[in-house]
Every structure is written in C-alpha cells, then in structure tokens.
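For reference, the chains in residue letters:
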Amino acid sequence: PGPVQGASQRELEDFVAPGTAKTGTTGAQDGAGKRIWTEAEIKRFYDDCRNGKYRSNPERRKDIEQDIFSAGREGRVR
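Residues numbered from 1 in each chain as written. Predicted model: local features only at pLDDT ≥ 70, side-chain atom pairs only at ≥ 80, totals over all residues. Heavy atoms only, no water.

### Some remarks on the packing of helix α1 (residues 39-50) against helix α2 (residues 58-74)
This is how the line gets drawn: To obtain each axis, a line is fitted to C-alpha atoms, and for helices this fit is confined to the stretch in contact; angles are then taken between N-to-C directions over 0 to 180 degrees. In this text, helices come from DSSP runs of H or I with a minimum length of four residues, and strands from runs of E with a minimum of two, each type numbered from the N-terminal end. Note on terminology: angles under 35 degrees are roughly parallel, angles over 145 are roughly antiparallel, angles of 65 to 115 are roughly perpendicular, and the others are oblique. Handedness of a crossing follows from how the near helix is turned relative to the far one, being left-handed for an anticlockwise turn of less than a right angle and right-handed for a clockwise one. The contact criterion used throughout is that any non-hydrogen atoms of two residues lie within 4.5 Å. Residues are grouped as follows: Ala, Val, Leu, Ile, Met, Phe, Trp, Tyr, Cys and Pro are nonpolar; Asp, Glu, Lys and Arg are charged; every other residue, Gly included, is polar.
Look at α1 against α2: their axes get within 12 Å of each other, and the N-to-C directions meet at 150 degrees. By the angle class used here, α1 and α2 are roughly antiparallel. Taken as a pair, α1 and α2 cross one another with a handedness that is left-handed. Of the residues in α2, those touching α1 at Ile 42, Phe 45, Tyr 46 and Cys 49 are Arg 61, Ile 64, Glu 65, Ile 68 and Phe 69. Here the residues of the contact of α1 with α2 sort into 7 nonpolar, no polar and 2 charged.

Written out as structure tokens, the structure reads:
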C-alpha cells in the first residue's frame, strides 16, 4: 500500500538539528563545537530559501540564518 491519503510528509530538515551537516558535506566544527560554514553551503541555503524549501518551517530558516550571521561575525565561514 502507498502513503495514507491526506497525510502530510515531513521535510528532512525538520529532523536535522541546527548546526549539523545535512549531507556528507564538510559540516566541520570549530573548537567550541560550532559549525563552520562554507560559502557553497550558504549559497545552497539561500537557493533553497528562494525555492520554498523552508516555507513550511520558518523557524528552522530563522535558526539557520542566525547561525550563518553568527558564523560571519565569528570567522566560521570558509
């Protein structure tokens, strides 16, 4: 049998904790355990935002964006 009619599918990002890698990308952490972002990962995040990936989860988008802003201030962008 297929999926239940009317059941909503959860997005994978709903199950991923902020600051952890979503795929096999670097997802490296600094000495304090904070995520080090690459420019490519940041670009991909904003591409995903433009494509509506976070439309159903604006809090997740806000959390990620705040971490990116903090990473820029703290030198955690490579």
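Having seen it, we continue.
### A word on the packing of aromatic side chains
Filter applied, for reference: Classification of ring pairs rests on two measures: the distance between centres of Phe, Tyr or Trp rings, Trp counted by its six-membered ring, which must be within 6.5 Å, and the angle between planes, read as stacked under 30 degrees, edge-to-face over 60 and tilted in between. Working definition: with a 1.4 Å probe on protein chains only, accessible area under 20% of the residue-type maximum means buried, over 50% means exposed, and in between means partly exposed.
This model, assessed by the stated rule, comprises 2 aromatic pairs. Between the aromatic rings of Phe 45 and Tyr 46, the centroid separation amounts to 4.9 Å while the plane-to-plane angle is 70 degrees, which identifies the pairing as edge-to-face. Classification of Tyr 46 by relative accessible area gives partly exposed; the value is 21%. An aromatic cluster is defined as three or more aromatic residues linked by ring pairs; in this entry it consists of Phe 45, Tyr 46 and Tyr 54.

### Regarding α2
The test is simple: By this rule, a helix spans an expected 1.5 Å times one less than how many residues it contains.
Taking 1.5 Å as the rise per residue, α2 with 17 residues should run 24 Å; its terminal C-alpha atoms sit 24 Å apart, in good agreement. Of the positions making up α2, those classed as buried are Arg 60, Ile 64, Glu 65, Asp 67, Ile 68, Ser 70 and Ala 71. Once α2 finishes, Gly 75 follows within two positions and takes phi at roughly 75 degrees, a positive value.

### Structural notes on the pattern of salt bridges
Opposite charge on two side chains permits pairing when their charged atoms draw close. The following threshold applies: Definition used for salt bridges: Asp or Glu carboxyl oxygen within 4 Å of a side-chain nitrogen of Lys or Arg.
On inspection of all chains with the given rule, the structure shows 7 salt bridges. In this structure, Glu 41 and Arg 35 form a salt bridge, with 3.1 Å as the shortest nitrogen-oxygen distance. Accessibility expressed as a relative area gives 4% for Glu 41, which makes it buried. With a shortest N-O distance of 2.2 Å, Asp 47 and Arg 50 are connected by a salt bridge. Of this pair, Asp 47 and Arg 50 are both found in helix α1, 3 residues apart, which corresponds to roughly one turn of the helix. We classify Asp 47 as partly exposed; its relative accessible area is 23%. According to the relative accessible area criterion, Arg 50 is exposed, its value standing at 60%. Residues joined in a network through salt bridges with shared partners are Lys 34, Asp 67, Glu 74 and Arg 76.

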